Amino acid sequence: MNLHSRYPAIADLRARARRRIPHFVWEYLDSATGDESALARNRAALDAVLLQPSILHGEFSPDLSVTMMGATYPLPFGIAPVGMSGLVWPGAERLLARTAATAGIPYGMSTVATQTPEDVAPHLGTHAWFQIYPPRDPQIRADMLRRARDAGFGTLVLTVDVPVASRRERQTRGGLTNPPRLTPRLAAQAAMCPAWLNGIRQTGMPRMRLIDSYSDTTTALPSTAHAGYLLRTSPDWDYLHALRAEWDGPLVVKGVLDAGDVPRLSEAGVDAIWVSNHAGRQFAAAPATADVLPAIRAATDLPIICDSGVEGGLDILRMIALGAEFVMLGRAFHYGLGAIGDAGAAHVIDILKQDIIANMGQLGTRKLSELPSRRVR
């Protein structure tokens, strides 16, 4: 029995991952903030996007490639940065970077990953993106950029939708601290997940190792007020201009929801706009990504990347039909790792690719650029 027989959908991986990783880790990965209404809104908005099937197109193999920011990708999706990846599955950053390199898709590494850029460097492919939470100290910022560049990260992603820490009540109730400490309650949960625990024994308890190199904080802090928040600032337009001057590669701004911000981003020299509500993890009253995409598309000719709420290949096509060029997924790849370990991320790529091909066949679309014309308005 092959993987597609056992896990034909991301939902199947999610269900198995929930059983194989400790509850406190699951609450970190799967939760949103507040009443989690933004999480539900993301799903409802995507479900509302209908696409018109078209018939009698004969046999064809669709072109799934995307050219953006001077690079060509064989698939219209990549691996989004997720903080503390290695907590979700031991060695996650290396596994995800290696899988992305093999597939030729972007791998996004978070500032608050459990590995440093230098640790991940040997596993990176051509399309390595480094996501930065903006350090307050210009010298720390310059050093982070140098280290990312030297490690092989060619695209910089500035996250702007975390001006303050969100509450993430469900995550807090789970009992996670940073750095993680196995209290008796959490240790009991870990003991029920032997594959995860054996991996952690080999890699050591995960920490934000890049942040650690700039901080002497040793106290266990709440997971919503970790050491990364002690170093970062809430960026403004001057900060963006300074970052643009320091980084000589493609620069993406992540966390855009208001079309009114787009002209000023273009003027600042941004190379792409990442439309995101942080998967519902920052602000419960935020609009769904799918709901704001058309207005943002109308406001710019820049490439649009998006995320939030994407659960399969059809959702990727929906986002592209709404105006995005490219879609990034975070939780899905971690569900894959949690469910089946090392092979999980590659299986997620295959699920998404096969789902895209099947649905493009129903739509009669040979190219992704034809998808907006299939949207039922």
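As a reminder, the structure under discussion sits directly above these lines.
Residues numbered from 1 in each chain as written. Predicted model: local features only at pLDDT ≥ 70, side-chain atom pairs only at ≥ 80, totals over all residues. Heavy atoms only, no water.

A. Looking closely at helix α17 (residues 313-322). Among the 10 residues in α17, 9 count as buried, and that is most of the element. Buried within α17 we find Gly313, Asp315, Ile316, Leu317, Arg318, Met319, Ile320, Ala321 and Leu322. As for α17, its buried residues are in contact with α4 (37-47), β3 (77-79), α16 (289-299), β11 (304-306), β12 (326-329) and α19 (344-363). Gly323, located one to two residues past α17, shows a positive phi value of around 130°. (Buried < 20%, exposed > 50% of the residue type's maximum accessible area, 1.4 Å probe, protein only. Helix = DSSP H or I, 4+ residues; strand = E, 2+ residues; numbered from the N terminus. Contact = heavy atoms within 4.5 Å.)

B. Representation of helix α3 (residues 23-30). Burial within α3 is extensive, with 7 of its 8 residues counted as buried. Every buried residue of α3 is accounted for by Phe24, Val25, Trp26, Glu27, Tyr28, Leu29 and Asp30.

C. Main features of the pairing of strand β5 (residues 128-132). For β5, the tally of buried residues reaches 5 of 5 residues, placing the bulk of the element in the interior. Taking every second residue as pointing to the same face, both faces of β5 are buried, with Ala128, Phe130 and Ile132 on one and Trp129 and Gln131 on the other. Across 4 bridges, strand β4 (residues 107-110) lies against β5 in parallel orientation. Bridging from a neighbouring strand, Gly108 pairs with Trp129 of β5. With 4 bridges connecting them, β5 and strand β6 (residues 155-159) associate as parallel partners. Pairing of Ile132 across the sheet is with Leu158, part of β6. Between the parallel pair β5 and β6, the chain is carried across by helix α8 (residues 138-151), and the sense of this crossover is right-handed. (Pairing = 2+ DSSP bridges. Right-handed = clockwise from strand over helix to strand, strands pointing away.)

D. Representation of the packing of aromatic side chains within the structure. Following the criterion strictly, the structure yields 7 aromatic pairs and no others. Taking 6.1 Å as the distance between ring centres and 90° as the angle between the ring planes, the aromatic pair formed by Phe24 and Trp196 counts as edge-to-face. Of this pair, Phe24 sits in helix α3 while Trp196 sits in helix α11 (residues 194-203), and the two are 172 residues apart along the sequence. For the pair Phe24 and Trp196, one class covers both residues: buried. (Phe/Tyr/Trp six-rings, centres within 6.5 Å; stacked < 30°, edge-to-face > 60°.)

E. Local environment of the environment of Ala17. Looking at the secondary structure, you find Ala17 in helix α2 (residues 10-20). Sequence-wise, Ala17 and Tyr335 are 318 residues apart; in three dimensions their C-alpha atoms are separated by 5.5 Å. Not counting residues within four places of it along the chain, the set of residues in contact with Ala17 comprises Trp26, Tyr335, Gly338 and Ala339.

F. Structural detail: unusual backbone geometry. Positive phi outside glycine occurs at Arg168, with the angle close to 45°. Residue placement: Arg168 occurs in the loop between β6 and α9 (169-174). Exposure remark for Arg168: the relative accessible area of 10% places this residue in the buried category. Although it is not a glycine, His278 sits at a positive phi angle of roughly 60°. As for its position among the elements, His278 is in the loop between β10 (272-275) and α16. Classification of His278 as buried rests on a relative accessible area of 10%.

G. Examining the side chain of Arg244 more closely. In this structure, Arg244 sits in helix α14 (residues 237-246). Side-chain polar atoms of Arg244 contact the side chain of Asp271, separated by 2.8 Å. In contact with Arg244, other than residues within four places in its own chain, are Gly249, Leu251, Ala268, Gly269 and Asp271. (Polar contact = N/O pair within 3.5 Å; in protein donor to acceptor, adjacent residues only side chain to side chain.)

H. Focus on the environment of Val160. Its location among the elements puts Val160 in the loop between β6 and α9. Since its relative accessible area comes to 30%, Val160 is described here as partly exposed. With 27 residues separating them in the primary sequence, Val160 and Tyr133 have C-alpha atoms 7.8 Å apart. Apart from residues no more than four positions distant in its own chain, Val160 is found in contact with Pro235, Val253, Lys254 and Gly255.

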